[in-house]
Amino acid sequence: MGPPRLADIARHAGVSEATVSRVLNDKPGVGPATREAVLTALDVLGYERPARLRQRSAGLVGMVVPELENPIFPMFAQAAERVLAQHGYTPVLCTQTPGGIVEDEYVEMLLERNVSGIIFVSGLHADTTANHDRYRALLQRRLPIVLVNGYVEGLPATFISPDDRAAARLAVNHLAALGHTRIGFASGPHRYVPVQRKLDGFKAAMLENGLDFHDDLVELSLFGVEGGHAAASRLLDRGVTAIVCGSDLMALGAIRAARQRNLTVPGDLSVVGYDDSPLIAFTDPPLTTVRQPIQAMALAAVRALCDEISGHAPARTEYMFEPELVVRGSTGVHRASLGEQVAPAGN
């Protein structure tokens with residue numbers, strides 16, 4: 001399309017051609033409402049705004065995520081990016097991969113780009129064995145940061161977390177109500193805060209339901225399908241009839257382990273995941289899982305960061321978000337006797 005015709009824009013905006021000329025040349029003497037009407041007319045008529053009139057980014061915001069293999073991380077990133085854009089910020093997504101750029105290197109790169117703040121998702125703040133002075137150094141620089149899915153005692157920062165203890169409780173209560181008494185727990189390495197909290201919730205829920213808890217009901221492996229497969233194999237050897245998993249991917253691994261033994265899900269083994277990541281409703285069987293409140297957490301993380309960037313004092317606290325049990329087809333009534341029919345708990 002050629003250069004904008006002043007007459008067309010003036011007619012559409014209901015102003016004079018002289019006013020349109022002043023707006024396009026960024027001259028003073030035009031009220032905000034009139035200026036906006038001219039720019040809107042420019043957009044509606046399909047003309048490109050002059051470079052100096054395009055909306056300027058309020059700044060860059062770094063977002064450091066562990067990896068994109070688990071669909072829950074791109075889901076969080078997408079939700080956060082949408083809210084950042086609404087606040088006028090341009091997100092810089094930094095994805096860690098095995099053998100690739102690590103968190104500290106990403107932080108250096110982001111600082112060189114003068115980011116306004118950084119959101120860390122399931123980073124080293126979730127690892128109890130990591131040195132957390134890296135975050136104290138950022139806080140001393142007065143750089144706004146928000147830490148998602150992890151917690152560091154004594155670190156004066158804003159934390160956004162799902163209630164992992166409640167998540168495990170929801171899963172155990174559901175399985176206990178279906179008649180399962182020997183329930184296993186499969187999750188990632190113990191050094192991670194969310195794993196420790198889920199395990200606490202799992203133990204408490206087992207005792208609250210009058211079920212025996214033994215260490216042999218717990219199998220901590222690697223996150224991911226392979227880790228879930230390995231953990232479930234060991235738990236099946238110990239006679240569990242149901243497994244609470246630390247992620248949806250681990251749950252898919254558990255289902256695979258059951259099928260390799262010619263066991264049916266949920267007939268012989270009930271499986272509960274965690275996250276409710278995209279497409280998980282379409283697995284075979286559709287996975288019963290505990291939904292992580294990603295949208296609410298992303299919104300809260302961005303709002304907290306933007307408030308701090310704007311100069312408001314940050315809330316040095318942890319905000320907890322309630323998870324939700326989503327019952328589908330991978331959990332069913334415990335088979336009390338061999339000949340009994342098993343009905344799935346969800347459709």
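Predicted model only: the values in this text are computed from it and were never measured. (Residues numbered from 1 in each chain as written. Predicted model: local features only at pLDDT ≥ 70, side-chain atom pairs only at ≥ 80, totals over all residues. Heavy atoms only, no water.)

Asks: How should I be thinking about the overall build of the protein chain in this particular structure?
Replies: Along the backbone of the protein chain there are eleven helices and twelve strands. Considered along the principal axes of its C-alpha atoms, the protein chain spans approximately 85 × 45 × 35 Å. Counting only contacts in the protein chain whose residues sit at least 6 apart along the sequence, the fraction spanning at least 24 positions is 69%. In the structure as shown, the protein chain presents an accessible area of about 16,300 Å², 51% of it carried by carbon and sulfur atoms. (Helix = DSSP H or I, 4+ residues; strand = E, 2+ residues; numbered from the N terminus. Contact = heavy atoms within 4.5 Å. Areas by Shrake-Rupley, 256 points an atom, 1.4 Å probe, with all protein chains shown as cover.)

Asks: I would appreciate a short explanation of empty space enclosed by the protein in the present structure.
Replies: Rolled over the atoms, a probe sized like a water molecule indicates the empty space that remains. Following the criterion strictly, the structure yields two cavities of 30 Å³ or more and no others. One number sums up the size of the largest cavity: a volume of about 60 Å³. As for the largest cavity, its lining consists of Asp164, Ala167, Ala168, Ala171, Phe185, Lys198, Val244, Cys245, Val272, Gly273, Tyr274 and Val290. Of all the secondary structure elements, the ones that give two or more residues to the lining of the largest cavity are helix 7 (164–177), strand 8 (242–245) and strand 9 (270–275). (1 Å grid on protein atoms, 1.4 Å probe; cavity = no way out; pocket = protein on both sides within 12 Å on 5 of 7 lines; lining within 4 Å. Points joined across faces, edges and corners; volume = space filled by probe spheres on them.)

Asks: Is there a simple way to explain the domain arrangement of the protein chain in this structure?
Replies: Each assigned domain of the protein chain is listed here: domain 1 (6–43), domain 2 (57–161 + 292–320) and domain 3 (163–291 + 324–335). Between the C-alpha centres of domain 2 and domain 3 there is a distance of 29 Å. Counting residues at the interface gives 17 residues for domain 2, matched by 16 residues for domain 3. In this assembly, domain 2 packs against domain 3 so that about 1,300 Å² is buried in total across both faces, 56% of it on carbon and sulfur atoms. Residue arginine 191 is joined to aspartate 127 by a salt bridge in which the shortest nitrogen-to-oxygen separation is 3.1 Å. Here domain 2 and domain 3 share seven residue pairs in polar contact (both at pLDDT 80 or more) between them. Put simply, the parts of the chain that give the side of domain 2 that touches domain 3 at least two residues each are helix 4 (72–86) and strand 11 (318–321). Broken down by class, the residue content of the side of domain 2 that touches domain 3 amounts to seven nonpolar, seven polar and three charged. (Domains from an automatic or database assignment. Buried area = accessible area lost by both parts, 1.4 Å probe. Salt bridge = Lys/Arg side-chain N within 4 Å of Asp/Glu carboxyl O. Polar contact = N/O pair within 3.5 Å; in protein donor to acceptor, adjacent residues only side chain to side chain. Nonpolar A, V, L, I, M, F, W, Y, C, P; charged D, E, K, R; others polar.)

Asks: Would you mind showing me how to read the nonpolar core here?
Replies: Within soluble globular proteins, side chains that are nonpolar tend to cluster in buried spots. Among the nonpolar cores identified, the biggest contains 38 residues, and Ile183, Phe202, Ile243, Val244, Leu269 and Val271 are the most heavily contacted of them. The element contributing the most residues to this core is helix 10 (residues 248–260), with six residues. Leaving out residues up to four positions away in the same chain, valine 271 has contacts with Ile243, Cys245, Ala251, Ala254, Ile255, Val265, Leu287, Thr288, Ser330 and Thr331. Leu84, Val146, Ala301 and Leu305 belong to the second-largest nonpolar core, a separate cluster that totals 26 residues. (Core = buried A, V, L, I, M, F, W, Y, C linked by side-chain atoms within 4.5 Å. Buried < 20%, exposed > 50% of the residue type's maximum accessible area, 1.4 Å probe, protein only.)

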